[in-house]
Amino acid sequence: FNNLIEMKKFFFLVAAVMAVGAVSVSAQIKLGGKKLDTGKLLDAGSNLATAVTLTDAQIAELCREYIEWSDANNPVSADDSEYSKRLKKLTGNITEVNGMPVNFKVYEVVDINAFASGDGSIRVFAGLMDVMDDDQLMAIIGHEIGHVVNTDVKDAMKNAYLAAAAKSAVGATGGKLAAMSESEMADLALAFSDAQFSQKQEYAADDYGFNFCINNGYSAYGMASSLEKLVELFESGGTQASVVQKMFSSHPDSAKRAVRVRAKADEYSKK
């Protein structure tokens, strides 16, 4: 849904269908010229209600299911590849963060991106490793872990589940039932990967990435340098501009954040 009005309409529709479903869950109703399967909408309504009340344990399980699906649907780099060996060299001594076990893998895709799931799984894309040096790469990894530590990922996963549930209801229009299972997880993955964080959340994750570098023996300027690199690639107008688009758009104000965190590194260096 593109706006709040549409979401309100959907919730009203689900509520109405629940009432109809109390009489016959297999019936169809007609609204706006479209046939809506009440049984399907009841399922979607249940999913929506569940999404709003997801517990931490349920979100953790959802994150585990998501990362299993993601690993199965992306080219995971072999342990003996140059990408995996480099990542292991950088992160081999990092086994937990704030008491949460973490694991690292590389996806051999051209995208310039990385993400951390709520179960402690960190996935780094080969395209990102190709353009970032070790300090920059560790800063971005720390930044993504920061989103988990600050519960941003938890909230994003809940919203992604809500979006996937809502989309499954849209698939019930026209008398057609949406194919769930694999497609539902694909919807969840898309919604999760498109999640955007607020400026406050980004600043907090930048601060975490900054400290993450220092605590693990990397440059205090890694966070600033990585953001500056993203801006440079985005403004280049070349092929790399298109592959960095996703990360750049989901992590807004990179230029302003780079200035802020570079000043932070300057202050740290004076100590």
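Residues numbered from 1 in each chain as written. Predicted model: local features only at pLDDT ≥ 70, side-chain atom pairs only at ≥ 80, totals over all residues. Heavy atoms only, no water.

Chemist: What should I look at first to understand the sheet that holds strand β6 (residues 114-116) in this one?
Modeler: Hydrogen bonds along the backbone pair up the strands of a sheet, which may run parallel or antiparallel. With respect to topology, 3 strands assemble into an open sheet ordered β5-β7-β6, the strand pairing being mixed. Among the strands making up the open sheet, the edge pair consists of β5 (103-107) and β6. Going from strand to strand, the sheet's axes swing by 15° on average, the running direction of each strand aside. Each of β5, β6 and β7 (121-125) touches helix α6 (residues 134-149); the most contacted strand, β6, lies at about 35° to it. (Pairing = 2+ DSSP bridges. Helix = DSSP H or I, 4+ residues; strand = E, 2+ residues; numbered from the N terminus. Axes fitted to C-alpha atoms, helices over the stretch in contact; angles between N-to-C directions. Contact = heavy atoms within 4.5 Å.)

Chemist: Where do I start with the packing of α6 against helix α10 (residues 222-235) in this structure?
Modeler: Helices that pack against each other are described as a pair by the angle of their axes relative to one another and the distance between those axes. Where α6 contacts α10, the axes come no closer than 8 Å and their chain directions differ by 95°. In terms of orientation, α6 lies roughly perpendicular with respect to α10. Contacts between α6 and α10 involve D135, Q136, A139, I140 and H143 from the first element and G222, M223, S225, S226 and K229 from the second. For the contact of α6 with α10, a count of residues per class yields 3 nonpolar, 5 polar and 2 charged. (Parallel < 35°, antiparallel > 145°, perpendicular 65-115°, else oblique. Nonpolar A, V, L, I, M, F, W, Y, C, P; charged D, E, K, R; others polar.)

Chemist: Looking at this model, I keep getting lost on the packing of α6 against helix α9 (residues 199-215). Mind explaining?
Modeler: Relative orientation of the contacting elements α6 and α9 amounts to 130°, with a least axis distance of 7 Å. The angle between α6 and α9 falls in the class oblique. Considering how the two elements wind past one another, α6 and α9 form a crossing that is right-handed. Facing α6, whose interface residues are D135, M138, A139, I141, G142, H143, I145, G146, H147 and V149, α9 presents Q201, E202, A205, D206, Y208, G209, F212 and C213. (Left-handed = near helix turned anticlockwise from the far one by under 90°.)

Chemist: Got a minute to help me understand the pattern of salt bridges in this structure?
Modeler: Any two side chains of opposite charge can pair, on the condition that their charged atoms come close. Taken as a whole and assessed by the stated rule, the structure comprises 10 salt bridges. Of the charged contacts in the structure, one is a salt bridge between E202 and R257, with a shortest N-O distance of 3.6 Å. Separated by 55 residues along the polypeptide, E202 in helix α9 and R257 in helix α13 (residues 254-269) bring together distant segments of the chain. For E202, a relative accessible area of 1% corresponds to the buried category. (Salt bridge = Lys/Arg side-chain N within 4 Å of Asp/Glu carboxyl O. Buried < 20%, exposed > 50% of the residue type's maximum accessible area, 1.4 Å probe, protein only.)

Chemist: Got a minute to help me understand the confidence of the model for the protein chain in this structure?
Modeler: Close inspection of predicted coordinates is inappropriate for parts of the model with low pLDDT. Summary statistics for the protein chain give a mean pLDDT of 77 and a share of 68% for residues scoring 70 or more. In this model residues 6-26 is a low-confidence stretch, pLDDT under 50, and it forms 29 contacts with partners more than four residues away in sequence or in other chains. Across residues 170-180, where pLDDT falls below 50, the model places 21 contacts with residues more than four positions away in sequence or in other chains. (pLDDT = per-residue confidence, 0-100.)

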